[in-house]
Amino acid sequence: MAVSRLLKLAFLIEVIICGTEFCHINALTMDYYVMRCPFAEMMVRNIVNGALQNDPTLSAALLRMHFHDCFVEGCDGSVLIDSTKGNIAEKDSPANIILRGYEVIDQAKQAIENQCPGVVSCADIVAMAARDAVLWAGGPFYDIPKGRKDGRRSKIEDTINLPPPFFNTSDLIRTFADRGLTVQEMVALSGAHTLGVARCASFKDRLTNSDPTLDSTYADSLSKKCSAGDDTVAPFDFTSTSFDNQYFRALQSSGGLLTSDQTLYVSRRTRGIVDGYAMNQAMFFYDFWQAMVKMGLISVKEGSQGEVRLNCRKIN
Ligand code: HEM
Ligand SMILES: *[C@@H]1O[C@H](CO)[C@@H](O)[C@H](O)[C@H]1NC(C)=O
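All values reported here derive from a predicted model rather than from experimental measurement.

J.: Could you clarify how one ought to interpret the overall build of the protein chain in this entry?
T.: Helix and strand counts for the protein chain stand at 14 helices and 2 strands. For 316 residues, the compact-globule estimate of 2.2 N^0.38 gives 20 Å, and the C-alpha radius of gyration of the protein chain, at 20 Å, lies within 12% of that figure. Summarising its shape, the C-alpha atoms of the protein chain cover approximately 65 × 45 × 35 Å along the three principal directions. Counting only contacts in the protein chain whose residues sit at least 6 apart along the sequence, the fraction spanning at least 24 positions is 75%. By element, 57% of the accessible surface of the protein chain is carried by carbon and sulfur atoms, the whole surface being about 14800 Å². Separation between the mean location of the 32 positive side-chain charges and that of the 36 negative ones in the protein chain comes to 2 Å.

Here it is, written out as structure tokens:
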């Protein structure tokens, strides 16, 4: 009790001091919740770890959720909004068909709301969950800035801003540059495909058109798999629940699953970066961490630009 009173007092003092122009109380910081909700990060980590223990494939889902949140309307939790009578939301777009893990976010939100009502945004929970999923799967350990506010818009048509699987390197470079991300950061972030799977619908054109940049033995096994239907899934690399540099090694032997994966090795503009990450996992981890922090800051809403949603599935 005494501790929580002390924290409230400290928060009040911060608010008073920060009434001055010298202090941006709404800016994102690493310790944003240290005073406001000290156990928020721990609660998210515990709930994510518990969920991944039951289902390791959720690490991919939680990582992708953050990416799809950030590339559409900025990192503002818009991907979590449910459709309503008058509005078809982002999550019902074909691009988000295999997106999962919404219950994990709900569970974390519920636990946090019980302790600190109306303080921790859904956008921050998604960002923290993605970070924790990467660590759980064996990836780098890193801190991220927090303090994002939740947006009030989620429309299916906005998901047109997500890069499709048939993009080539120049398309990808442009899409990522539009959000302030460099070529190197684009390649590092693509390394997220070290986790998870894609549906045959996302790569079957490479099989029917005998894509010369796809290894033929690999293509045969994918064709067999995909005879079961468009929604059958295949892993990006053979360690699909371990965060490692196997994805980049696969690209070196024409084993990329999507056109947008293999193009990174086909193009001379990015091949050297792929070779670097394939050779040096520590370098991939470091660049991935830096790029994730940067991706997590795309068009974030601060202060009154957004809200802290009470239920991540609907605006307040
Ligand atoms: C470079 C451009 C990218 C393209 C074109 C792309 C495309 C795709 C596609 C088509 C799928 C399979 C979806 C399906 O079949 O329904 C997928 C899965 C996935 N993507 Fe990406 N992606 C890109 C970048 C990223 C980034 C930057 C991240 C995260 C930082 C990411 C994380 C994932 C993950 C983890 C999966 C597996 C999901 C699961 O198994 O549940 N992707 N991506
Ligand atoms: C990449 O694809 C676009 C169309 O999406 C095309 O205009 C462009 O020429 C392609 N670039 C390369 C290098 O193949």
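Additional details are given in the paragraphs that follow.
J.: It is not clear to me how the state of the cysteines should be interpreted in this structure. Could you clarify?
T.: The term disulfide refers to a covalent linkage connecting the sulfur atoms of a pair of cysteines. Under the defined criterion, the tally for this structure stands at 4 disulfides. In this model, C122 is linked to C312 through a disulfide, with the two sulfur atoms separated by 2.1 Å. As the torsion about the S-S bond is roughly -95°, the C122-C312 disulfide counts as left-handed. Residue C122 is found in helix α6 (residues 122-136), and its partner C312 is found in the segment after α14 (281-295); the two are separated by 190 residues along the sequence.

J.: Even after reading the chapter, I still don't get the packing of helix α4 (residues 58-70) against α6, so can you show me in this structure?
T.: Each packed pair of helices is defined by two parameters, the angle between the axes and the distance between the axes. It is the contact of α4 with α6, at a shortest axis distance of 8 Å, that shows an interaxial angle of 140°. Accordingly, the angle class assigned to the pair α4 and α6 is oblique. Judged by the twist between their axes, the crossing of α4 over α6 is left-handed. Contacts from S59, L62, L63, M65, H66 and D69 of α4 reach α6 at A123, V126, A127, A129, A130, A133 and V134. For the contact of α4 with α6, the residue count by class is 10 nonpolar, 2 polar and 1 charged.

J.: Whenever I open this one, empty space enclosed by the protein confuses me. Can you help?
T.: The rolling of a water-molecule-sized probe over the atoms marks out the regions of remaining empty space. Enumeration according to the criterion identifies 1 cavity of 30 Å³ or more in this entry. Taken as a whole, the largest cavity encloses approximately 40 Å³ of empty space. When grouped by side-chain class, the residues that make up the lining of the largest cavity number 5 nonpolar, 2 polar and 2 charged.

J.: How should I be thinking about the site of ligand 1 in this particular structure?
T.: In the region of ligand 1, 24 residues are neighbours, and H193, G196, V197, R199 and S202 sit closest. At a separation of 2.9 Å, a nitrogen atom of ligand 1 approaches a polar side-chain atom of H193. Contact distances for ligand 1 include 2.9 Å between an oxygen atom and a backbone N or O atom of V197. Going through the elements one at a time, α4, α7 (169-177), α8 (183-190) and β1 (197-199) are the ones with two or more residues in the shell around ligand 1. Counting residues per element, the shell around ligand 1 draws most heavily on α4, at 4 residues. Its residues assigned to classes, the shell around ligand 1 shows 17 nonpolar, 5 polar and 2 charged. Here the shell around ligand 1 spans two domains, since at least three of its residues come from each of domain 1 (3-162 + 295-305) and domain 2 (169-291).

J.: What is the right way to read the environment of S223 from this model?
T.: By the secondary structure assignment, S223 is in helix α10 (residues 216-226). Along the chain, S223 and F203 lie 20 residues apart, while their C-alpha atoms are 10 Å from each other.

J.: Got a minute to help me understand α10 in this structure?
T.: Regarding α10, the residues found buried are A219, L222 and C226. The buried side chains of α10 occupy one side of the element, clustering within an arc of 65° when seen end-on. Projecting away from the buried face of α10 at angles above 90 degrees are the exposed residues T217, D220 and K224. Buried residues belonging to α10 abut α9 (204-208) and β2 (233-235). The N-terminus of α10 is capped by D215, whose side-chain oxygen sits 3.2 Å from the backbone nitrogen of T217.

The rules behind the values
- Residues numbered from 1 in each chain as written.
- Chains lettered and ligands numbered in written order.
- Predicted model: local features only at pLDDT ≥ 70, side-chain atom pairs only at ≥ 80, totals over all residues.
- Heavy atoms only, no water.
- Helix = DSSP H or I, 4+ residues; strand = E, 2+ residues; numbered from the N terminus.
- Rg over C-alpha atoms; globule rule 2.2 N^0.38 Å.
- Contact = heavy atoms within 4.5 Å.
- Areas by Shrake-Rupley, 256 points an atom, 1.4 Å probe, with all protein chains shown as cover.
- Lys, Arg positive; Asp, Glu negative; His and termini not counted.
- Charge placed at Lys NZ, Arg CZ, Asp CG, Glu CD.
- Disulfide = S-S within 2.5 Å.
- Axes fitted to C-alpha atoms, helices over the stretch in contact; angles between N-to-C directions.
- Parallel < 35°, antiparallel > 145°, perpendicular 65-115°, else oblique.
- Left-handed = near helix turned anticlockwise from the far one by under 90°.
- Nonpolar A, V, L, I, M, F, W, Y, C, P; charged D, E, K, R; others polar.
- 1 Å grid on protein atoms, 1.4 Å probe; cavity = no way out; pocket = protein on both sides within 12 Å on 5 of 7 lines; lining within 4 Å.
- Points joined across faces, edges and corners; volume = space filled by probe spheres on them.
- Near = heavy atom within 4 Å.
- Polar contact = N/O pair within 3.5 Å; in protein donor to acceptor, adjacent residues only side chain to side chain.
- Domains from an automatic or database assignment.
- Buried < 20%, exposed > 50% of the residue type's maximum accessible area, 1.4 Å probe, protein only.
- Arc of directions from axis to C-beta.

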